[in-house]
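Tertiary structure, described
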Amino acid sequence: MTVAEEAEKYGLHRVGARPSLANYLKQTWQRREFIYELAKARVQSQNQRNRLGMVWIVLKPTFNALMYGFIFGILQGGARGVDFPVFVVIGVFLFEFFTTSMNGGAKSITGNTALVQSLPFPRLALPVAQVTQNLLTLMPMVVVMFIYSMILGTTPKWTWFGIIPIILIFTVFNMGVALICARITVHVRDFTQILPLIGRVLFYTSGVLFSAERLLSHWPWMIAIFDVHPIYQTLQLARGLIMNHAEYDWWAWYVISGWAVVTLVFGLIYFWKAEERYGRAN
């Protein structure tokens, strides 16, 4: 009988061994308070050294919306459509949630090496805490987004409450993306150097600053691609519920929900498979 078999006989398990997926999720849920407190503490410490502190959470996407909205508004000319300023504000503010989740998720394990190597806990807690942190940061941004929309002429309406299920679905999608990026970074540390480029490409190709139906009307096959684009459809759905003169397809709910479930399930399994590697020394 081998040592491993002898240990198993007496109920002894290898340190750092990967539990079953069901037990893994159970252990993570048992640490939900730790996850929330970690996320809240990071939000409170964010930009603490800056003079304006937490105000930068709102100022950063505001400046991006002003800069990109001005430049792309001129470039698109008549193709930009009505209520273009509100269009850009919604796109930039919600896309900020995606990029911070992707970038933060990628560094959630490698950026917490001391914690990972010193304490036994499901490493899933770290990317989940990162996305939770970004969700908490998004809350005041959404309030400011609605204020900007009203200042820019948008009439408040009951459909604005539709932003709640959109954010919940988008959070599930972002969680899956964060888990995938977290494991990739553990295997390939240089991945963090490529992420800003990936984020920039997605920013320019996800409809943050343009409407595919208007800008690509002569290329129906490209519009068909955007019809199943998860980020684009999320932004279009939010705009359709918030803006005065925007329309949306109910099919978008199925598109973003399907992407969210598939991405989360794949990301969860992909991340869990490498659980034993996260605590190893570099």
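Data block above holds the structure.
**Structural notes on the pattern of salt bridges**
- If you walk through the whole model with that rule in mind, you get 1 salt bridge.
- We note a salt bridge from Glu37 to Lys40, for which the minimum N-O separation is 3.6 Å. Pair noted here: Glu37 and Lys40 are both in helix α3 (residues 32-45), with a separation of 3 residues, about one helical turn.
- With a relative accessible area of 43%, Glu37 lands in the partly exposed category.

**Some remarks on the nonpolar core**
- In terms of nonpolar packing, the biggest core is built from 48 residues, with Ile90, Phe98, Met145 and Ile163 touching the most fellow members.
- Those elements that place two or more of their residues in this core are α4 (56-76), α5 (84-106), α7 (125-151), α8 (163-187), α9 (191-205), α12 (230-242) and α13 (251-273).
- The residues touching Ile90, leaving out its near neighbours within four places in the chain, are Met145, Leu235, Ala238, Arg239, Ile242 and Met243.
- Membership of the second largest hydrophobic core comes to 22 residues, among which are Ile109, Ala125, Ala129 and Ala182.

**Describing the packing of aromatic side chains**
- By the definition in use, this model includes 17 aromatic pairs.
- Arranged with centres 6.3 Å apart and planes meeting at 5°, the rings of Phe170 and Phe173 form a pair that is stacked. Note that Phe170 and Phe173 are positioned in helix α8 at a spacing of 3 residues, about one turn of the helix. There is no split in this pair, since Phe170 and Phe173 are both buried.
- Relative to Phe226, the ring of Phe210 lies with its centre 5.8 Å away and its plane at 90°, an arrangement referred to as edge-to-face. One end of the pair, Phe210, is in the loop between α9 and α10 (212-215); the other, Phe226, is in helix α11 (residues 220-226), and 16 residues separate them in sequence. There is no split in this pair, since Phe210 and Phe226 are both buried.
- An aromatic cluster of three or more residues is present, and its members are Phe95, Phe97, Phe98, Phe170, Phe173, Phe203 and Tyr204.
- Cation over ring: Arg200 sits above Phe203, and NZ or CZ is 5.4 Å from the ring centre.

What counts as what
Residues numbered from 1 in each chain as written. Predicted model: local features only at pLDDT ≥ 70, side-chain atom pairs only at ≥ 80, totals over all residues. Heavy atoms only, no water. Salt bridge = Lys/Arg side-chain N within 4 Å of Asp/Glu carboxyl O. Helix = DSSP H or I, 4+ residues; strand = E, 2+ residues; numbered from the N terminus. Buried < 20%, exposed > 50% of the residue type's maximum accessible area, 1.4 Å probe, protein only. Core = buried A, V, L, I, M, F, W, Y, C linked by side-chain atoms within 4.5 Å. Contact = heavy atoms within 4.5 Å. Phe/Tyr/Trp six-rings, centres within 6.5 Å; stacked < 30°, edge-to-face > 60°. Lys NZ or Arg CZ within 6 Å of the ring centre and 35° of its normal.

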